[in-house]
Amino acid sequence: MDRWQAMRVFVKVAEAESFADAGRQLHMSPPAVTRTVSALEDIIGTRLLTRTTRSVKLTEAGARYLSDCQRLLADLTEVETAAAGTYGRPTGTLTVTSSAMLGTMFVLPLMTEYLDLYPDVIGRGLFIDRVVNIIEEGIDVAIRIGHLPDSGLTATRVGQVRRVICGSPLYFEKHGVPTAPGDLSKHRIIASTSAWTSLEWRFGVQKKSTVHVKPRLFCSTNEAAISAAANGWGLTRVLSYQIAPQLEAGELRAILSDHEEEALPIHVVHPEGRYASAKVRSFVDFAVGKLRANRHFN
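Residues numbered from 1 in each chain as written. Predicted model: local features only at pLDDT ≥ 70, side-chain atom pairs only at ≥ 80, totals over all residues. Heavy atoms only, no water.

Asker: I'm lost on the sheet that holds strand E7 (residues 163–167) in this one. Help?
Answerer: Sheet strands line up and pair through hydrogen bonds in the backbone, either parallel or antiparallel. Reading across from one edge, E11-E8-E12-E7-E13 is the order of the five strands in this open sheet, with mixed pairing throughout. Both outer strands of the open sheet, strand E11 (217–219) and strand E13 (253–255), are each paired with one neighbouring strand and no more. The mean angle between the axes of side-by-side strands here comes to 40°, regardless of whether they run parallel or antiparallel. As judged from the two bridges shared by strand E8 (residues 189–192) and strand E12 (residues 235–239), these two strands associate in the parallel manner. Along E12, the bridge assignment pairs isoleucine 189 with leucine 235. (Pairing = 2+ DSSP bridges. Helix = DSSP H or I, 4+ residues; strand = E, 2+ residues; numbered from the N terminus. Axes fitted to C-alpha atoms, helices over the stretch in contact; angles between N-to-C directions.)

Asker: Even after reading the chapter, I still don't get the pattern of salt bridges, so can you show me in this structure?
Answerer: Pairing is possible between side chains of opposite charge, provided their charged atoms come close. Per the stated rule, a full pass over the model turns up 16 salt bridges. Glutamate 60 serves as the salt-bridge partner of arginine 64, at 3.5 Å between the closest nitrogen and oxygen. Here glutamate 60 and arginine 64 lie together in helix H4 (residues 60–87), a separation of four residues that amounts to about one turn. With relative accessibility at 63%, the residue glutamate 60 sits in the exposed group. Here glutamate 113 ties to lysine 290 by a salt bridge, and the two come within 3.1 Å at their closest N and O atoms. Separated by 177 residues along the polypeptide, glutamate 113 in helix H5 (residues 100–117) and lysine 290 in helix H9 (residues 278–293) bring together distant segments of the chain. Members of the salt-bridge network, linked through shared partners, are Arg163, Arg202, Arg237 and Glu261. (Salt bridge = Lys/Arg side-chain N within 4 Å of Asp/Glu carboxyl O. Buried < 20%, exposed > 50% of the residue type's maximum accessible area, 1.4 Å probe, protein only.)

Next up, the structure:
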């Protein structure tokens, strides 16, 4: 006897309160439904249903057994869904979010490479400088920088970035190089007015300090602030990955490295846990491997 199938039949009969209706839903004859439930009762050793000519009602034992069966069948469905999510073919629309510069510089290349591997997936990138509620806004995966609050989301750490102060070699030739955070008051400061920007620049891991900077130039984006710094006008503070190309090209130089505060973690976040769909699971696995291998994050 297939115990799982017998439990499914019993649940249908109990919910429909009819052998005939349950049979129609299961594409079984009423006699076959009756035999299945009777065999299940014989195995359990107790009556689950009370039959009359007009109705079928649960016994006290049947009501308890129904609740247990519904829970077990739901668990079985989740197990099967997990298997399909892990091994099935990725299809559908995949929505990924991150901050604007991280998205443009690193997440978008990940997405296009992933889409080349899985032609049945359509990509949608939401690159915006605000914390997106991925449940309410229907996001599949988020790449997030910073410490995460407690939540029911699944998060995998892939690296870290630092807050760095930078300027161009030309600027340092003209104005000198700050050797301590307090020296910043003597220099031109360029500040971004984008999200999460503060004029309270914190320093140190063990011995912490704060410097209130007074910018001479405000820019609406980090890209503009970086451009002004690279052109030699002043100093700005950004995340290390944001100036990776300019550092490699020698257009910018990071300073006060010994005074940096604790690095910020990077996580790949998604809401579905181990029951993630094939598109989510495959993209998360792909992104985690690529980001962990990226030298700018480790």
